[in-house]
Amino acid sequence: MAGYNSRGGAAVGRRTVLVRQLLTTLSSRRLPGAALALAGVSLLFPGCVNPNVMRSPQPGAQGSQPGGSNLTVSASCLLAPGKPTADYELEDLEHASSSAALLRRAFLLLECRRPDAALDAAAQVLYGPAAPSANEEAFARFARAEAYAMLGHPERGEYDRDVARHLALDVELQRRLDVHPVAEPQPAGPVASTLQIQSRARWRPMAPRRSNLEPLGTPRRITIHHSALYFRDTRVATSIAQLQVIQRDHMQNRDYGDIGYHFLIDPAGRVWEGRELKYQGAHASGANNVQNIGVCLLGNFVRGSAGQGPTPQQVAAMRELVTTMMQRYHFGPEGLHVHNDFKATECPGPLLEPVVADLARDLRRGITRTAGATAAGY
Ligand SMILES: [Zn+2]
């Protein structure tokens, strides 16, 4: 583990307190020139000074709840500018222990140019009592990389930035990570994906049984399935309910540690995060799951009255997801599979299988992007 300390952070913290006391004094006495002084202090300590000395959080503002209980692990929550209320928000979050609150604290500390303290907050997420989710770890490592860069040692954060890139599912976080490419050469081209992924938290899954999960390692193949449940509804709420049904079946009836698939694609073309990608999936039988990303298209793609074809939005999203994963993990079309490559099963169904074969053919020809794929972004 890279070493760090918080001495610098404490010193800056005292300075912030002093500044706040000065502001309170100026404001309460309505001294002439107070406005000028405020402007001067704001220039000296951008982001850490709140000119509204009376505490009045805006209703519904992110992080305005004491302890940050309304925070979620997403770029819109964690990376939002704290100005001009960064210092009050930090105070609110001082005793909060949720990962979202700790991460918000880390990014506010960075905004206040307190990288040592930000490293402390990120470390609490990474090495705290509860193992972080992939999403939480991505944000924590991004915060660390930024902190080291602020300390003048960007090389110390290169590993964190690399891991963050590997784990980041949040589109905005991905964008920010690409803004600061690592110095070391990339073995393949950059990932220029428009893919949007609905976070796992959004479908309110049951907690996984982590003791029943194994690490995935670096993916080198991806396998397409269908859910074998007729499903045409395009509403978010119905998709969420369907994911919960599948997870319950996998955990309660099949004793899996979590939902078996890493990604699920609904008929509207939304891509949902299933099992976290850092864990091996349960979708292709035994050793076939090793380093294998499991993707399930919701629907029953068989012929006859019980079946249906995949929607164009689903197909576009599948193509985008497969292409993105291949670029990100540097494997080619030989790594694209359907379930019945591994065992005798109808999955992913005779109406989906030729669509996957089309994609494999296009990938072999070097046609990696697909018209209409961006429409799948939700
Ligand atoms: Zn299958």
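Residues numbered from 1 in each chain as written. Predicted model: local features only at pLDDT ≥ 70, side-chain atom pairs only at ≥ 80, totals over all residues.

**Student:** It is not clear to me how the overall build of the protein chain should be interpreted in this structure. Could you clarify?
**Tutor:** Helix and strand counts for the protein chain stand at 12 helices and six strands. A total of 378 residues make up the protein chain; the buried ones form 43% of that total. The contacts of the protein chain with a sequence gap of at least 6 include a subset with a gap of at least 24, amounting to 71%. (Helix = DSSP H or I, 4+ residues; strand = E, 2+ residues; numbered from the N terminus. Buried ≥ 20, exposed ≤ 12 C-beta atoms within 10 Å, placed from the backbone. Contact = placed C-beta atoms within 7 Å.)

**Student:** Teacher, can you tell me more about the packing of helix α5 (residues 99–111) against helix α7 (residues 134–150) here?
**Tutor:** Each packed pair of helices is defined by two parameters, the angle between the axes and the distance between the axes. Where α5 meets α7, the closest approach of the two axes is 10 Å, and the angle between their N-to-C directions is 20 degrees. Judged by the inter-axis angle, α5 sits roughly parallel to α7. As α5 runs across α7, the sense of the crossing is left-handed. Across the interface between the two elements, Ser-99, Leu-103, Ala-106, Phe-107 and Leu-110 from α5 touch Glu-136, Phe-139, Ala-140, Ala-143, Glu-146, Ala-147 and Met-150 from α7. Considering only residue class, the contact of α5 with α7 consists of nine nonpolar, one polar and two charged. (Axes fitted to C-alpha atoms, helices over the stretch in contact; angles between N-to-C directions. Parallel < 35°, antiparallel > 145°, perpendicular 65-115°, else oblique. Left-handed = near helix turned anticlockwise from the far one by under 90°. Nonpolar A, V, L, I, M, F, W, Y, C, P; charged D, E, K, R; others polar.)

**Student:** Is there a simple way to think about the nonpolar core in this case?
**Tutor:** Nonpolar side chains in soluble globular proteins tend to be buried together. In terms of nonpolar packing, the biggest core is built from 72 residues, with Leu-103, Ala-106, Ala-118, Ala-143 and Val-295 touching the most fellow members. Setting aside chain neighbours within four positions, we find Ala-118 in contact with Ala-106, Leu-109, Leu-110, Ala-143 and Ala-147. (Core = buried A, V, L, I, M, F, W, Y, C linked by C-beta atoms within 7 Å.)

**Student:** Can you help me understand unusual backbone geometry in this one?
**Tutor:** What is expected of a backbone is that most residues other than glycine have negative phi and most peptide bonds are trans. Residues Cys-347 and Pro-348 are joined by a peptide bond in cis, for which omega reads 10 degrees. As for its placement among the helices and strands, Pro-348 is situated in the loop between β6 (336–338) and α12 (353–364). Although it is not a glycine, Ser-285 sits at a positive phi angle of roughly 75 degrees. Given 11 C-beta atoms within 10 Å, Ser-285 falls into the exposed group. Unlike most non-glycine residues, His-330 shows phi in positive territory, near 60 degrees. Assignment of secondary structure puts His-330 in the loop between α11 (312–329) and β6.

**Student:** Help me out: how do you make sense of the sheet that holds β6 in this one?
**Tutor:** Across a sheet, paired strands are connected by hydrogen bonds in the backbone, their directions being either parallel or antiparallel. Strand order in the open sheet formed by six strands is β1-β4-β3-β5-β2-β6, with mixed pairing between adjacent strands. Taken across any chain shown, the strands that pair with only one partner, and hence form the sheet edges, are β1 (197–198) and β6. When strand β2 (residues 221–226) meets strand β5 (residues 292–297), the two strands line up parallel, connected through six bridges. Bridged to Arg-221 within β5 is Asn-292. The strands that α11 touches are β2, β3 (263–265), β4 (271–273), β5 and β6; relative to β5, the one it contacts most, it runs at about 170 degrees. (Pairing = 2+ DSSP bridges.)

**Student:** Can you help me understand the pairing of β5 in this one?
**Tutor:** Consecutive residues of a regular strand have side chains that alternate between opposite faces of the sheet. Across the six residues that make up β5, a large majority, six, are buried. The pairing of β3 with β5 spans three bridges and is parallel. Its bridge partner being in β5, Ile-265 is matched across the sheet by Leu-297.

**Student:** Can you help me understand helix α6 (residues 115–127) in this one?
**Tutor:** Each full turn of the α-helix corresponds to 3.6 residues, which orients residues three or four apart in the same direction. With 13 residues, α6 extends 18 Å from end C-alpha to end C-alpha; this agrees with the ideal 18 Å at 1.5 Å per step. Buried within α6 we find Pro-115, Ala-117, Ala-118, Leu-119, Ala-121, Ala-122 and Val-125. (Expected span 1.5 Å × (residues − 1).)

**Student:** What is the right way to look at the pairing of β2 in this model?
**Tutor:** In terms of burial, β2 is largely enclosed, as six of its six residues are buried. Alignment of β2 against β6, held across three bridges, turns out to be parallel. Each bridged residue has a counterpart across the sheet, and for Ile-222 the counterpart in β6 is Leu-336.

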